[in-house]
Amino acid sequence: MHENRPNRRRGRNEGGHEERGMKIEEFRDVLRSVIGPDIEDVWVERFFSEVDITCTGQVEWQQLCSYLLLEYTERERASIPRAALLDSQPQIRHCAHNKREPTVRVVAVSHPPPLRYLSVSKGGQITVWNSSLHILKSLGLAGDPTEEVANTRRFRGWTTDAVSMGNVHRVAIATDCRDLHFVNVSTASVFEDVHLFGFRSVPTALCYWHDMQSRERPSLLLLGDEKGGVHLMWFLNPFKGLFKNLSKKENSPQRIFVPDLGEHSDMVSYRHIPNIHQAPVTRVMFEPDTNIIMTSSESDTTSVVFMSVTLKQEPYIWKFKQGAKCFDYNASLQLMVTGGCDRAVRLWTPFVTTCPVATLLGHRTAVLDVSIYQAVEQIFSYSRDAELRVWDISSHRCLKTVRLQFPCQQPGRIPEHGNFPFLLLSPPLSVQSHLVVGCKDYLALLRLTETTRAGGGWLTDDRRERGPNVQRGPALSCALYNSTLRQLVTGHADSSVSLWDVETGRRRLQILNTHGEEKLTCMALDSSNRRLITGARNGTIKVWNLLNGLNLHKLEPATDSEVTGLTCLPGNQLLAVGGSQRIVQYDIAAAKDLYVRADMSWKSSCVHKSHILAVSQCSALGVIATASHDGEVIIWRLETQGPVLHLQSPTQRGVVPPVDSLLFLQHRAGDRKLRNRGVLVSSQAGCLCFWSVTGPTHTYGQFFAPEQTDECVWTLSSDQPKNTILVSGDTAGWLQIWDICHFAVDIQNQPVCERPPLLQCWKAHQRALVSVEVLELADRLFVLTASADGSVGLWTKDGDHMGSFRQEVMWNMTESAAYQRKKLSEGTEEESAESDDAGFREVRSQVTDPNNRGETSQKECCSEGHHSVQTASSIRPPENEQEQPQQPLYLCEDSCQKLAVCQESRHLFDDIRHGNHC
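Before going further, it helps to examine the sheet that holds strand β11 (residues 191–197). As a general point, the strands of a sheet are linked pairwise by backbone hydrogen bonds and lie either parallel or antiparallel. A sheet is described by the order of its strands in space; here 5 strands give the open sequence β8-β9-β10-β11-β15, paired in mixed fashion. Sheet topology places β8 (159–165) and β15 (254–257) at the edges, where each strand pairs with a single neighbour. Pairs of neighbouring strands in the sheet enclose a mean axial angle of 20°, with direction left out of account. As paired elements, strand β10 (residues 179–184) and β11 share 6 bridges and run antiparallel to each other. Pairing of His181 across the sheet is with His195, part of β11.

Once that is clear, we can look at unusual backbone geometry. Despite not being glycine, Asn291 shows a phi value in the positive range, around 55°. On the secondary structure map, Asn291 appears in the loop between β17 (281–287) and β18 (292–297). Residue classification places Asn291 among the partly exposed positions, given a relative accessible area of 37%. The backbone phi angle of Ala386 is positive, close to 65°, even though this residue is not glycine. If you trace the backbone, Ala386 turns up in the loop between β26 (378–383) and β27 (387–392). On the basis of relative accessible area, Ala386 is assigned to the buried category, the value being 0%.

Under the counting rule described, the total for this entry stands at 6 cavities of 30 Å³ or more. Here the largest cavity defines a volume of roughly 110 Å³. Together, 15 residues line the largest cavity, and Gly539, Ala558, Ser561, Val563 and Ser580 are the ones closest to its centre. Secondary structure elements with two or more residues in the lining of the largest cavity: β42 (573–578) and β43 (584–587).

With that out of the way, let us pick up the packing of helix α1 (residues 24–34) against helix α2 (residues 41–51). At a minimum axis distance of 10 Å, the contact between α1 and α2 shows a crossing angle of 115°. Put simply, α1 runs roughly perpendicular to α2. For the pair α1 and α2, the crossing hand works out as right-handed. Of the residues in α2, those touching α1 at Ile24, Phe27, Arg28, Leu31 and Arg32 are Asp41, Trp43, Val44, Glu45, Phe47 and Phe48. Each residue belonging to the contact of α1 with α2 can be placed in one class, and the counts come to 7 nonpolar, no polar and 4 charged.

The next point concerns the environment of Leu735. Its location among the elements puts Leu735 in strand β55 (residues 734–739). Taking the C-alpha atoms as reference points, Leu735 and Pro706, 29 residues apart in sequence, are found 8.3 Å from one another. Contact partners of Leu735, with chain neighbours within four places excluded, come to Val727, Ser728, Gln760, Cys761, Trp762, Leu769, Val772, Val783 and Thr785.

Another aspect to go through is the pattern of salt bridges. In this structure the tally under the stated criterion is 16 salt bridges. The salt bridge partner of Arg364 is Glu387, with a shortest N-O separation of 3.2 Å. With Arg364 in the loop between β24 (358–360) and β25 (367–373) and Glu387 in strand β27, the pair connects residues that are 23 residues apart, well separated along the chain. Taking relative accessible area as the criterion, Glu387 reaches 2% and is therefore assigned buried.

Time to look at the environment of Tyr117. One can find Tyr117 in strand β5 (residues 116–121). Residues Tyr117 and Trp129, 12 residues apart in the sequence, show an inter-C-alpha distance of 4.9 Å. A distance of 2.3 Å separates the side chain of Tyr117 from the side chain of His434, its partner in a polar contact.

With that settled, consider the sheet that holds strand β57 (residues 769–777). Reading across the sheet, the 4 strands line up as β57-β58-β59-β60 and stay open at both edges, with antiparallel pairing between neighbours. Edge positions in the open sheet fall to β57 and β60 (801–804), since each of these has one partner strand only. In this sheet, adjacent strand axes meet at a mean angle of 20° when their direction is disregarded. Alignment of strand β59 (residues 792–796) against β60, held across 3 bridges, turns out to be antiparallel.

In this section: the side chain of Ser718. Note on placement: Ser718 falls in strand β53 (residues 713–718). Residues contacting Ser718, with those up to four places away along its chain left out, are Leu663, Leu665, Asn723, Ile725, Ile740 and Val774.

Glancing now at the packing of aromatic side chains. Scanning all chains against the criterion turns up 23 aromatic pairs. Taken together, a centroid distance of 6.0 Å and an interplanar angle of 45° make the contact between Tyr382 and Phe422 tilted. One end of the pair, Tyr382, is in strand β26; the other, Phe422, is in strand β29 (residues 422–425), and 40 residues separate them in sequence. Of the residues examined, Tyr382 reaches a relative accessible area of 0% and is grouped as buried. A relative accessible area of 5% means that Phe422 is categorised as buried.

So, how was this worked out
- Residues numbered from 1 in each chain as written.
- Predicted model: local features only at pLDDT ≥ 70, side-chain atom pairs only at ≥ 80, totals over all residues.
- Heavy atoms only, no water.
- Pairing = 2+ DSSP bridges.
- Helix = DSSP H or I, 4+ residues; strand = E, 2+ residues; numbered from the N terminus.
- Axes fitted to C-alpha atoms, helices over the stretch in contact; angles between N-to-C directions.
- Buried < 20%, exposed > 50% of the residue type's maximum accessible area, 1.4 Å probe, protein only.
- 1 Å grid on protein atoms, 1.4 Å probe; cavity = no way out; pocket = protein on both sides within 12 Å on 5 of 7 lines; lining within 4 Å.
- Points joined across faces, edges and corners; volume = space filled by probe spheres on them.
- Parallel < 35°, antiparallel > 145°, perpendicular 65-115°, else oblique.
- Left-handed = near helix turned anticlockwise from the far one by under 90°.
- Contact = heavy atoms within 4.5 Å.
- Nonpolar A, V, L, I, M, F, W, Y, C, P; charged D, E, K, R; others polar.
- Salt bridge = Lys/Arg side-chain N within 4 Å of Asp/Glu carboxyl O.
- Polar contact = N/O pair within 3.5 Å; in protein donor to acceptor, adjacent residues only side chain to side chain.
- Phe/Tyr/Trp six-rings, centres within 6.5 Å; stacked < 30°, edge-to-face > 60°.

Structure, rendered in structure tokens:
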């Protein structure tokens, strides 16, 4: 009985009953009985295609359950953001000037530019660093001037904290000598110019605020002390100076006794609020919008205190065991985070003191510092054992744990730290957000992302990028169109892949870290258009399931050189070319294991003398074409896996430019009357050459395509069902559409210099086009363009701009009103997308006039000599010219939501199976 039904898959369920697959008609009936009769046939077909991963035309219950389980699992995983850290291990720098003493605080000095860091050691040594953490200068704090010998006047105390005073170009440093040192950083020669001494107690924490919008407003310096009090110093005219310029000794800082601050009442106002805490103040912050002073201590009864500057309101007091060694507050998120010796990180809502919103556990030693990173809504926490943790605010998950490997760490010993290990810096203070962490006399620099990143692996994300006119993403390296799924696949230099719905512009799938940190260089689809093959700069090749983003196979690299081209033959035999100068074959049709071995059976060793840059196949002729950096094009027979024809276009200068792109005109190759004519197009230094690979004459003409003489054409495309047009994209961002109905179809003894009619020409992008694709949807021809600048656009054949992928507003290809005409002025980097007059590109329509432009370029291109041809053997097309039709497949956008009830209705499927309805 099994032999009578070879196409029907069978299995056994847990009860021993035979399990048969459902075809699309039965599947539709069952879904309507479960969900309702109103579901559309198109939706059912898309969902059926998603579940039928094996392309058998049947769906079993086990397949459906596996699909739903995988989809829900990955959606949950994708909803978890990735940690904002871009580095697994940071840059670590040693500060030898610290003399093995820990760094108490690191501050950033952005004005005057460039960005600099100042680290202050426990012993009073100040080190100036550049933005890359290379030491520029070092100096020490001034000592006691009462010492008789000047050489012995070095600082003999311990520093407790430091803070940057950006508007007055100073850094204030507090010490256990009950004083403040003001260091001038307005010039490259950093020096101490004011010494304020004689406080009632030791300052333990500092905070500085100034109004960045109003220069005239007074600025505020806050000092928390060892007795739990807070000192407020309002600088009334900060741009005139902090204090009165009284007499001072030469080469020594101005010394001011705190009780004598009354003499400087025109410049500074001083106030002391005692006994806020029953323990030394560990942190102090100021919220200017509400005039709230925020302080913390390791006291159980006054762990954190929020009080008004005017003291007219009752303070808010948080009380928890062992108090707060550190805290951070963010007014925009309305969130306070605390950490301390109990190893817990607590999240609090402001002014709700009774219980925390969440308690984050995981640290094994005391938490030394916490910081809120508002850009991605994450929290950094750091403990005494040099462990850095990243937490998500919304889910309270620990996204990442990094054990920083400082050289000062010793096994079984806790490294020494200063009181303030963190410095979190974000724009506009720095171009790149980053986190600086101090451990003893070492500093670590970690780069941070400034946007929310989804979980690793793959992301089924229908969310659109926020903000107006978002048209660019990571730099593009390649792109292709999936006609079965009606999707655009874009490959990016950051090793990510995105799938876009062409009909709406919505992103359907994103695969991150496809090749780790290696640049993605090329892509191809398998024969069924359900699997994606990606190649990288390091020679690795991977196969991915386009329906769910799973990594199906990892292919054995021939070498560690770059993969530049991939093409999949009928029967899912994959060919890869690149820096190895060879053709490597992989059988991905029968592969069941994760790793697939390379097949080196092709007779390609030592055939190409340079790196292979392009590959194209023609099933109708049974050949493939490869092109290398030395300008040589080689035709290979699929049957023998050997070369049969060498084509090359030498120049009079003796320098042959590389071949940038190859394209077979499939309709011509399948037509008996045209297959011996110009069926292969190559792009070489901007010249498009038409070649015949089967007839006695191999040269059928060439012409120069780019808008400018010094540009090249990196990508070619055509309407393959008819081959009536040829689309070229050059390195200046211009796109040209040529009428090739009658071009290169007549036998010519010499190359043809006249160009075919130019139908349309417009500047589609600001930078080079890496891919163009011609597609037919809704009975109209469209052109997809992808640029190296990360932008991807959709256009009609006539030059109407549908839109840009990543833009906020989606389009509908069935509505003609969605076609927007936009113009782009050359040399303008950013244009408004709200006005058609200042729009996106310039369109040029032309009729048959081959001499309209580029005469010099064409004459130069065509006068450089005849094509040289070396024939190894004649080529005959295979007898079997019939092409196997491909099964249509669509992605289902919201199948899981509509079928959640299916998991609760399994009995319906069981009843049908047991009743032999399948």
